[in-house]
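# Summary of the model geometry
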Amino acid sequence: MPKIKKKNTTFHVYYRKQLRREREKKKRQSTMSLEAIRYNNGTLSILNQLLLPTISEFEEIKSVEEGWDAIKKMKVRGAPAIAIVGCLSLVVELQKCNTFEKVKQIAAFIIDKLEYLKTARPTAVNMAEAAGRLTNIVNALLKDKNTTADSMKLRIIQEAEDMLKKDVIDNKNIGKYGAEHICKHFLEPSSTARILTHCNTGSLATAGYGTALGVIRALNESSRLDHVYCTETRPYNQGSRLTSYELVYEKIPATLITDSMVSFAMKQKKITAVVVGADRVVANGDTANKIGTYQLAIAAKYHNIPFYVAAPSTSCDLSLTRGDGIVIEERPHTEVTFFKDQQIAALGINAWNPAFDITPADLITGGIITEKGVFKPSELKQKLTVKCEV
């Protein structure tokens, strides 16, 4: 009886696994989205960023309370996106509500909801700025005898909806001004840039395009980008989960590094510039941003590498003179001692988890990139004030 040749089962198992991985990879790529906020005529959904990079899932926001919860739990994050989602969650409630007969009733409702939204994450100034601006509009309308409950409602809805378009326009200007400044001051005419960035400052943190990542996009679009190095950004891993997700999606050449590699990367990889975002920039240029930014700025100064902060003017809080007046949010210690549901530290160890640090203005050597131009920290207040008056 002839011998039956056995199949190489080890090879076939390996081959099937490889095919399955390839299919899963293609499926993930086909469902990837850089649209963090979906809004249409009173319906609001957010991309749940806690599930990225493996799952792209949108979650509907039906109330201010759900908007607050999404911001607090960091399902949506990034200073511009926080403000937009917060204000649009108010729009969702206003669209549903037709019970206000008196102007004072709807005014009190709007102001109370805005004050509540400000408490979700206090360090990022954009929500407070938007709340203050909308509150001023409400108060101005209250003084107008022709204002009705419906006209106030429609005005606030329009103001909140306009934030989406304005944010994208501002971000593209930030990208343009930042890329031009880097090319003019730190690149030879035919050379390309190597940029180091921290946290996530792209489409997932804004209405689209991004701030610091917008500068990177603009460099790439003008063929002046060689490579991007992004930090993993512990403990919440916004760099490894979100920034790398955006860079892969856009096919921008990039490498992920751990936070502890930045100094060595600056030396070995010939970094052209460091570009980060901001959650709050105060009058003297001191900047609150994701924890780890401060040490990045110190290392950049030692290596004589320009350090830029990219942020819209809505992230600039000119009411505070110095950074030590910024309230720093502290998050749960489990974000340090656990990764998702997996314990990664000794049970019982204490943990300190400030979400942000403050970079002194004198370490911001490249400049502060806004939608109005690139300014030295020392001239920021004067430049923004003048441009606002114009």
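The structure under discussion appears in the preceding block.
The rules behind the values
- Here, residues in each chain are numbered from 1, in the same order as that chain's written sequence.
- Per-residue local features of the predicted model are confined to residues with pLDDT of at least 70, and side-chain atom pairs are confined, for both listing and counting, to 80 or more; whole-chain, interface and lining totals are unaffected and use all residues.
- Only heavy atoms go into the side-chain values, all of them from the structure, while hydrogens and water stay out.
- Labels follow the DSSP assignment, with helices taken as runs of H or I lasting at least four residues and strands as runs of E lasting at least two, numbered in each case from the N terminus.
- Put simply, the radius of gyration uses C-alpha atoms, and a globule should come to 2.2 Å times the residue count raised to 0.38.
- In this scheme, a residue with accessible area under 20% of its type's maximum is buried, one over 50% is exposed, and one in between is partly exposed, where area comes from a 1.4 Å probe on protein chains only.
- Computed with a 1.4 Å probe, the accessible areas rest on the Shrake-Rupley method; for each residue, only the protein chains presented here act as cover.
- By the counting rule applied here, Lys and Arg register as positive and Asp and Glu as negative, while His and the ends of each chain are not counted.
- Every charge is mapped onto a representative atom, which is NZ of Lys, CZ of Arg, CG of Asp or CD of Glu.
- Two strands pair if DSSP finds at least two bridges between them.
- Any two residues whose heavy atoms approach within 4.5 Å are treated as being in contact.
- Whenever a helix is involved, its axis is fitted only over the stretch in contact; in every case the axis is a line through C-alpha atoms, and angles between N-to-C directions fall within 0 to 180 degrees.
- Every angle not falling under 35 degrees, over 145, or within 65 to 115 is termed oblique; those three ranges are roughly parallel, roughly antiparallel and roughly perpendicular.
- In the scheme used here, Gly and all other residues not listed as nonpolar or charged are polar, with Ala, Val, Leu, Ile, Met, Phe, Trp, Tyr, Cys and Pro taken as nonpolar and Asp, Glu, Lys and Arg as charged.
- By definition here, a salt bridge exists when the distance from a side-chain nitrogen of Lys or Arg to a carboxyl oxygen of Asp or Glu is within 4 Å.
- Buried Ala, Val, Leu, Ile, Met, Phe, Trp, Tyr and Cys residues form a nonpolar core when they are joined through side-chain atoms within 4.5 Å.
- What a helix should span is 1.5 Å times the count of its residues minus one.
- Note that the arc is defined by the directions from the helix axis to the C-beta atoms.
- Here a polar contact is taken to be a pair of N or O atoms separated by no more than 3.5 Å, where protein atoms must pair a possible hydrogen donor with a possible acceptor and residues adjacent in sequence count only if both atoms sit in side chains.

Right, let's get into the overall build of the protein. The helix and strand inventory of the protein stands at 12 helices and 16 strands. In terms of C-alpha radius of gyration, the protein reaches 23 Å, essentially the compact-globule figure of 21 Å for 390 residues. The 390 residues of the protein split such that 52% are buried. Total accessible area on the protein is roughly 19,600 Å²; 53% of this is exposed by carbon and sulfur atoms. The average position of the 55 basic charges and that of the 42 acidic charges among the side chains of the protein differ by 9 Å.

Moving on to the sheet that holds strand β14 (residues 356-359). Strands belonging to one sheet form pairs held by backbone hydrogen bonds; the direction of such a pair is parallel or antiparallel. If you walk across this open sheet you meet the four strands as β11-β8-β9-β14, and the pairing is mixed. Both edges of this open sheet fall to β11 (316-317) and β14, since each of them pairs with a single strand only. Sheet contacts for helix α10 (residues 293-302): β9 (287-290) and β14; angle to β14, the most-contacted strand, approximately 35°.

The next point concerns unusual backbone geometry. Look at the link from L52 to P53: it is a cis peptide, with omega at 10°. Of the consecutive residues R234 and P235, the connecting peptide bond is found in the cis state with omega at 5°. By secondary structure assignment, the location of P235 is in the loop between β5 (225-231) and α8 (238-250). In the Ramachandran plot, K251 falls in the positive-phi region, its phi being about 60° despite a non-glycine side chain. When you line up the elements, K251 lands in the loop between α8 and β6 (254-257). Residue K251 is classed as exposed on the basis of its relative accessible area, which comes to 72%. With phi around 55°, K340 is a residue other than glycine that occupies positive phi space. One can find K340 in the loop between β12 (338-339) and β13 (342-343).

We now examine the sheet that holds strand β2 (residues 43-47). Spatially, β1-β2-β3 is the arrangement adopted by the three strands of the open sheet, whose pairing is antiparallel. Edge strands, defined here as strands with exactly one partner in the open sheet, are β1 (37-40) and β3 (58-61). Shown here is a sheet whose adjacent strand axes are inclined to one another by a mean of 25°, direction ignored. Where β1 meets β2, four bridges bridge the pair, whose relative direction is antiparallel. Bridge assignment links I37 to a residue of β2, and that residue is I46.

Viewed as axis vectors pointing N to C, helix α4 (residues 103-118) and helix α5 (residues 126-142) meet at an angle of 170°, and their least axial separation amounts to 9 Å. Our classification of the angle between α4 and α5 gives roughly antiparallel. For the pair α4 and α5, the contacting residues are V103, K104, A107, I110, I111, L114, L117 and K118 in the first and M127, A128, A131, L134, T135, V138, N139 and L142 in the second. Of the residues belonging to the contact of α4 with α5, the class tally is 12 nonpolar, two polar and two charged.

Charged atoms that come close allow side chains of opposite charge to pair. In total, this model carries 19 salt bridges according to the counting rule given. E59 serves as the salt-bridge partner of K75, at 3.0 Å between the closest nitrogen and oxygen. With K75 in the loop between α2 (64-72) and α3 (79-96) and E59 in strand β3, this residue pair connects regions lying 16 residues apart in the sequence. Relative accessible area serves as the criterion here: at 23%, E59 is assigned to the partly exposed category. The shortest N-O distance in the salt bridge between D170 and K166 comes to 2.6 Å. One end of the pair is D170 and the other is K166, both in helix α6 (residues 149-186) and four residues apart, which spans about a single turn. Judged by relative accessible area, D170 falls into the buried class, the value being 10%. Overall, the relative accessible area of 43% leaves K166 in the partly exposed class.

Once that is clear, we can look at the nonpolar core. Core analysis: the largest hydrophobic core is formed by 53 residues, its most contacted members being I37, L88 and I110. Mapped by element, the contributors of at least two residues to this core are β1, β2, α2, α3, α4, α5, α6 and α8. Considering each element in turn, this core owes the most residues, 11 residues, to α3. Sequence-distant contacts of I110, defined by excluding residues within four places in its chain, comprise L90, L94, V138, M152 and I156.

The next subject is α5. Look at α5: 24 Å from first C-alpha to last across 17 residues, which is about the 24 Å you get at 1.5 Å a residue. Those residues of α5 that sit buried are N126, M127, A130, A131, L134, T135, I137, V138 and L141. The buried side chains of α5 occupy one side of the element, clustering within an arc of 165° when seen end-on. Considering only its buried residues, α5 is in contact with α3, α4 and α6.

Another aspect to go through is the side chain of R280. Among the structural elements, R280 can be located in strand β8 (residues 280-282). At 3.1 Å, the side chain of R280 forms a polar contact with the backbone oxygen of P122. Those residues in contact with R280, other than ones at most four positions away along the chain, are P122, T123, A124, V125, D286, T287, A288, S315, D317, L320 and I326.

Moving on: the pairing of strand β7 (residues 273-276). Neither face of β7 is left uncovered, since the one carrying A273 and V275 and the one carrying V274 and V276 both have all their residues buried. As defined by bridge partners, strand β4 (residues 193-197) adjoins β7 across two bridges and the pair is classed as parallel. Following the sheet pairing, L196 is matched in β7 by V274. Examined bridge by bridge, β7 and strand β10 (residues 307-310) share three bridges and lie parallel to one another.

So yeah, pure geometry; function would need other evidence.
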